[in-house]
Amino acid sequence: MIVPFLSDFETWAQDAIKPLSLFGFINQQPRNDNWQQWVIELIALPELAKYSPPYPESYTSWIDWVHDFNSIVEY
């Protein structure tokens, strides 16, 4: 689990890509200005989707999304 402590989305996502790759290939590069799209593609991975991770559309903060994601998905 990668905790978003004092970082931006791109930094968190780059750190999380390696452990999250256990769920499938992550194609898109994370960008701060497009974090929700990156998350949508991430949670669409079949092995990850079966955990029913939260959809990002209901979050205004990527950090809030990560906290909820981390409470559901073990990586």
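Figured I'd write up the structure that's included with this text. The structure presented is a predicted model; accordingly, all values stated were derived computationally and were not measured.

## Brief notes about the overall build of the chain
So, point 1. Looking only at helices and strands, one finds 4 helices and 0 strands in the chain.
So, point 2. Mapped from its N terminus to its C terminus, the chain presents α and β elements in the order α-α-α-α.
So, point 3. Here the chain has a C-alpha radius of gyration of 11 Å; the compact-globule value for 75 residues is 11 Å, and the two agree.
So, point 4. Projecting the C-alpha coordinates of the chain onto the three principal axes gives extents of approximately 30 × 20 × 20 Å.
So, point 5. Considering only residue pairs separated by 6 or more positions, the chain has 41% of its internal contacts joining residues 24 or more positions apart.
So, point 6. Of the accessible surface of the chain, which amounts to about 4600 Å², a share of 53% is contributed by carbon and sulfur atoms.

## Some thoughts on unusual backbone geometry
So, point 1. Its identity as a non-glycine residue notwithstanding, serine 52 has a phi of 55°, on the positive side.
So, point 2. In this fold, serine 52 is placed in the loop between helix H3 (46–49) and helix H4 (62–72).
So, point 3. The class for serine 52 is exposed, based on a relative accessible area of 55%.

## Here we look at the pattern of salt bridges
So, point 1. For the structure shown, the criterion picks out 2 salt bridges.
So, point 2. The closest approach of N and O atoms between arginine 31 and aspartate 33, which form a salt bridge, is 3.1 Å.
So, point 3. Look at aspartate 33 and you get exposed, because its relative accessible area is 62%.
So, point 4. A salt bridge links lysine 50 to glutamate 47; the nearest nitrogen and oxygen atoms lie 2.9 Å apart.
So, point 5. Overall, the relative accessible area of 58% leaves lysine 50 in the exposed class.
So, point 6. Accessibility expressed as a relative area gives 40% for glutamate 47, which makes it partly exposed.

## Regarding helix H2 (residues 35–43)
So, point 1. For H2, the complete set of buried residues consists of Trp35, Trp38, Val39, Leu42 and Ile43. Seen along its axis, H2 keeps its buried residues to an arc of 125°; they face one direction.
So, point 2. Along its buried surface, H2 packs onto helix H1 (9–20), H3 and H4.

## Here's the deal with the nonpolar core
So, point 1. In this structure, Trp12, Trp38, Leu42, Trp65 and Phe69 are the most contacted members of the largest nonpolar core, which totals 22 residues.
So, point 2. Of all the secondary structure elements, the ones that give two or more residues to this core are H1, H2 and H4.
So, point 3. Every residue in contact with leucine 42, bar those within four places of it in the chain, is listed here: Leu20, Ile26, Leu48, Trp65 and Phe69.

Each value, and the rule that gives it
Residues numbered from 1 in each chain as written. Predicted model: local features only at pLDDT ≥ 70, side-chain atom pairs only at ≥ 80, totals over all residues. Heavy atoms only, no water. Helix = DSSP H or I, 4+ residues; strand = E, 2+ residues; numbered from the N terminus. Rg over C-alpha atoms; globule rule 2.2 N^0.38 Å. Contact = heavy atoms within 4.5 Å. Areas by Shrake-Rupley, 256 points an atom, 1.4 Å probe, with all protein chains shown as cover. Buried < 20%, exposed > 50% of the residue type's maximum accessible area, 1.4 Å probe, protein only. Salt bridge = Lys/Arg side-chain N within 4 Å of Asp/Glu carboxyl O. Arc of directions from axis to C-beta. Core = buried A, V, L, I, M, F, W, Y, C linked by side-chain atoms within 4.5 Å.

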